[in-house]
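# Structure at a glance
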Amino acid sequence: MKNNIYKIALVVAAAVMLQGCFAAKNYKRPSVKAENLYRTEVIAQDSASLADVAWDKIFTDPVLQQHIKKGLQNNFDIRVAIQNITSAEAYLKQGKAAYFPTLSGTASWQHQELAKNSQFGSFFQGALDTYLLTGNLSWEADIWGKIRSNKRAYNATYLQTIAANQAVKTSVISNIASMYYQLLALDEQLKIADSTLVNRNESIDVIRSLKDAGSVNEVGVKQTEAQKYATELIIADLKANITLVENSLSILLGDAPHSIERSTFANQVITQDVKLGYSASLLKNRPDVIAAEYGLINAFELTNVARSAFYPSLTVTAQGGLQSIDLKTWFSTNSLFATVLTGLTQPIFNQRQIRTRYEAAKATQEQAYVQFEQTIVTASREVSDALVTYNNETNKIAIREKQVDALRKAADYSDELLDYGMVNYLEVLTAKDSALSSELSLVDSKYQRLAALINLYRALGGGWK
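Treat the numbers as computed from the prediction; the structure is a model and nothing was measured.

This brings us to the environment of Leu-244. Positionally, Leu-244 belongs in helix α7 (residues 218-252). For Leu-244, a relative accessible area of 51% translates into the label exposed. As a C-alpha pair, Leu-244 and Pro-257 span 13 residues in sequence and 9.0 Å in three-dimensional space.

In structure tokens form, the structure reads like this:
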């Protein structure tokens, strides 16, 4: 018995020492282009980035902050992402437990009716009962790193789900902020349209008085009324859009569609400086880039697992317990039995299954690398797009403000000149339509600048820290 125990211990010790002969390779980040990816005339001088600023320092409106906090708690996508993390964590625990042996227990009773003319039937009077209580143990030595690579693959998947959850949070924050500002912009446009409608009604009274005085004809009256109806249509569209945006924002907050509490558009000011930092910081700031690399790590480790199948596997199995044909002696020392089996299995020919799995794993790894590289390039494009949109809208706002001022004055002057018969009613209508359009466009440009800044914040990887 002592010799058997010694032999088992010797085999196990040898297996543990052989674990140093890993066939599995260690992951090293591939060389991907991560420098100078931003399309900008200003080269980053330091690593400071807008992404390093907490979201509540970017969005300082207290009402918006409450909406974002609620969205982070109740958003449906975030709740699904959390369950993905829980699932991946369970698999990670399973991967860590793979180093330990499996152990199972069995208790059974077997009754056999034997032929009386058989060898055993005559001896046991035609029937045989067997009582069995066994414990089964099995352990595989991780000589080639298969278990280790599996564990690392599970770990990469777990970290990938965390990064995916962070990406969802970033998206939820940016979408809530963007829709909130869109609501405020629509409110501001509705306010302008309502004020314009009042002026349109006054213009109808004026044009009718001029008609009575013979300065204009009925066509001028009808054209002015049509201008009023056009304004009413704008108001109707704005109100409908407000409802639609409120409905969409309600879903982001995890609620059924309802009216959204909000402040005013004029009070929205973002004081943070626009800093891009180095483009290489996308590797640590962008959750989707982080998730893509963990996907690459997972594919790399699964390739290790597939490669280890080419090598022999060493397993140790043991079975022991109590066996008796009489219930009274089942738990007697004479009923004890034990079996130990050690085996080294080398695949020789299995219809090319191992090589196919390995080649498929290599292809999957290459796909993961391409997706990782693509995610980085896409992230850089999103930063560049958001930056050019932000700069463009900033420049347009300055021009639109001058345009609005000029068109307002033109509309006021045209009213005065119409009274003196120095312009016709068509010139007045054109001036007023242009003034209203420019005011609405100015509000839209201000919203587009806010939206571009939000997109830049998200593109740089801000919001989840």
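Past the structure itself, the notes keep going.
Under the defined criterion, the tally for this structure stands at 17 salt bridges. We note a salt bridge from Arg-29 to Glu-293, for which the minimum N-O separation is 2.9 Å. You can see Arg-29 sitting in the loop between α1 (2-18) and α2 (55-58) and its partner Glu-293 sitting in helix α9 (residues 287-308), a full 264 residues away along the chain. Arg-29 sits in the partly exposed class, given a relative accessible area of 46%. Across the salt bridge formed by Lys-222 and Glu-225, the nearest N and O atoms sit 3.4 Å from each other. Here Lys-222 pairs with Glu-225, and both are found in helix α7, just three residues apart, close to one helical turn. Bridged by salt links that share partners, the residues Arg-286, Asp-288, Glu-382 and Arg-458 form one connected network.

Another point: the layout of surface pockets. Taken as a whole, the second largest pocket holds about 330 Å³ of empty space. Residue lining of the second largest pocket: 15 residues in total, with Asn-199, Arg-200, Ala-411, Asp-412 and Glu-439 positioned closest to the centre. Mapped by element, the contributors of at least two residues to the lining of the second largest pocket are α6 (146-212), α10 (353-419) and α11 (425-459). In terms of residue class, the lining of the second largest pocket is made up of four nonpolar, four polar and seven charged.

Summed over the entire model, instances satisfying the criterion amount to nine aromatic pairs. An angle of 75° between the planes, with centres 5.6 Å apart, marks the rings of Tyr-27 and Phe-300 as edge-to-face. Of this pair, Tyr-27 sits in the loop between α1 and α2 while Phe-300 sits in helix α9, placing them 273 residues apart in sequence. On the accessibility criterion, Tyr-27 (21% relative accessible area) is partly exposed. Consider the rings of Tyr-180 and Tyr-181, whose centres lie 6.1 Å apart with planes at 65°: the pair is edge-to-face. This pair shows no difference in class: Tyr-180 is buried, exactly as Tyr-181 is.

Moving on, we get to the confidence of the model for the protein. In the predicted model, the protein carries a mean pLDDT of 84, and the fraction of residues at 70 or more is 87%. No element of the protein has a lower mean pLDDT than α1, which averages 50, and none a higher one than helix α3 (residues 62-74), which averages 94. Considering only residues more than four positions removed or in separate chains, one finds that residues 15-20, a stretch of pLDDT under 50, has nine contacts.

Right, let's get into the nonpolar core. Of all hydrophobic cores here, the largest spans 67 residues; its most connected members are Phe-59, Leu-64, Ile-176, Tyr-181, Phe-372, Val-383 and Leu-460. Top contributing element to this core by residue count: α6, with 14 residues. With near-sequence residues (within four places) excluded, Phe-59 lies in contact with Leu-64, Gln-65, Ile-68, Ile-173, Ala-177, Tyr-181, Ile-454 and Tyr-457. In this structure, Trp-139, Ala-141, Ile-143 and Leu-314 belong to the second largest nonpolar core, which totals five residues.

Let's shift gears to the packing of α3 against helix α4 (residues 76-97). Put simply, α3 and α4 touch, their axes get as near as 6 Å, and they point 40° apart. The pairing of α3 with α4 is recorded here as oblique in orientation. Contacts between α3 and α4 involve Gly-71, Leu-72, Gln-73 and Asn-74 from the first element and Phe-76, Ile-78 and Arg-79 from the second.

About the thresholds
- Residues numbered from 1 in each chain as written.
- Predicted model: local features only at pLDDT ≥ 70, side-chain atom pairs only at ≥ 80, totals over all residues.
- Heavy atoms only, no water.
- Helix = DSSP H or I, 4+ residues; strand = E, 2+ residues; numbered from the N terminus.
- Buried < 20%, exposed > 50% of the residue type's maximum accessible area, 1.4 Å probe, protein only.
- Salt bridge = Lys/Arg side-chain N within 4 Å of Asp/Glu carboxyl O.
- 1 Å grid on protein atoms, 1.4 Å probe; cavity = no way out; pocket = protein on both sides within 12 Å on 5 of 7 lines; lining within 4 Å.
- Points joined across faces, edges and corners; volume = space filled by probe spheres on them.
- Nonpolar A, V, L, I, M, F, W, Y, C, P; charged D, E, K, R; others polar.
- Phe/Tyr/Trp six-rings, centres within 6.5 Å; stacked < 30°, edge-to-face > 60°.
- pLDDT = per-residue confidence, 0-100.
- Contact = heavy atoms within 4.5 Å.
- Core = buried A, V, L, I, M, F, W, Y, C linked by side-chain atoms within 4.5 Å.
- Axes fitted to C-alpha atoms, helices over the stretch in contact; angles between N-to-C directions.
- Parallel < 35°, antiparallel > 145°, perpendicular 65-115°, else oblique.

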